Amino acid sequence: MSKTIELIFDFVSPNAYLIWQPLKALAEKHGATIEITPAFLGGMHKLTGNAPPFIRDAEVKGKNDYAMLEMNRFIKKHGLSKFKMNPKFPFNTITLLRMLVALEPARRGEFIERLLPPIWEDGLDVTDADTLGKILQDGGFDAAALFAQTQDPAIKQVLIDNTENAVARGAFGIPTMYVDGEIYFGKERLGQIDEQLSA
């Protein structure tokens with residue numbers, strides 16, 4: 001029976017970019033599928049009282065420096081040398097997440113694949129609708145239809161519900177993953193997920 005990794009996802013997290021390819025490789029290793037649940041990280045932070053680590057830990061001597069060291073180790077280990085912090089970070093991803101909600105679940109991975117490199121390698125301004133639309137259209141998506149669906153009240157509500165449900169299930173940040181009902185937070189949990197899928 002095929003295993004499933006549920007990924008609670010928002011484009012705004014640099015760690016969502018960093019974990020994507022390694023998580024795909026892990027899923028492939030185990031014959032598992034990745035089920036993507038779009039959730040708004042800003043909403044998760046508001047509901048949980050959490051904050052981005054670089055803000056939350058700013059006054060803790062050495063902690064952000066160590067976080068950067070670990071990030072660079074992860075980048076090196078997984079060959080993610082194209083990664084660059086987006087100059088617009090933190091940026092608003094509501095439009096992108098509503099698009100992700102609007103898509104058939106089977107196409108969500110493709111959508112993520114299309115947008116992660118422009119955002120986290122090329123510094124895409126996600127609020128530039130023309131450029132975003134061209135990237136999507138060139139990638140085989142109906143950009144105009146997706147933009148229109150972002151204004152659908154039902155789509156908006158699904159994103160709100162996803163965000164609230166993720167928090168109710170214990171999530172407080174991105175990326176959060178669930179395997180066999182167990183929660184795993186952060187790119188550093190890949191080894192634990194590997195063990196769980198091997199069990």
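Treat the numbers as computed from the prediction; the structure is a model and nothing was measured.

**With respect to the overall build of the chain**
Point 1. Across its full length, the chain holds 10 helices and 4 strands.
Point 2. C-alpha atoms of the chain, sized along the principal axes, occupy 45 × 45 × 35 Å.
Point 3. The proportion of buried residues among the 199 residues of the chain is 44%.
Point 4. In the chain, 73% of the contacts between residues at least 6 apart in sequence involve partners at least 24 apart.
Point 5. Total accessible area computed for the chain in this model is approximately 10,500 Å², and 53% of it derives from carbon and sulfur atoms.
Point 6. Across the chain, 22 positive and 26 negative side-chain charges occur, with their mean positions spaced 5 Å apart.

**Focus: the environment of T33**
Point 1. Following the sequence through the fold, T33 ends up in strand β2 (residues 33-38).
Point 2. For the pair T33 and T150, spaced 117 residues apart in sequence, the C-alpha separation works out to 26 Å.
Point 3. Within the local environment of T33, its side chain forms a polar contact with the side chain of T4, the two groups lying 3.5 Å apart.

Conventions and cut-offs
- Residues numbered from 1 in each chain as written.
- Predicted model: local features only at pLDDT ≥ 70, side-chain atom pairs only at ≥ 80, totals over all residues.
- Heavy atoms only, no water.
- Helix = DSSP H or I, 4+ residues; strand = E, 2+ residues; numbered from the N terminus.
- Buried < 20%, exposed > 50% of the residue type's maximum accessible area, 1.4 Å probe, protein only.
- Contact = heavy atoms within 4.5 Å.
- Areas by Shrake-Rupley, 256 points an atom, 1.4 Å probe, with all protein chains shown as cover.
- Lys, Arg positive; Asp, Glu negative; His and termini not counted.
- Charge placed at Lys NZ, Arg CZ, Asp CG, Glu CD.
- Polar contact = N/O pair within 3.5 Å; in protein donor to acceptor, adjacent residues only side chain to side chain.

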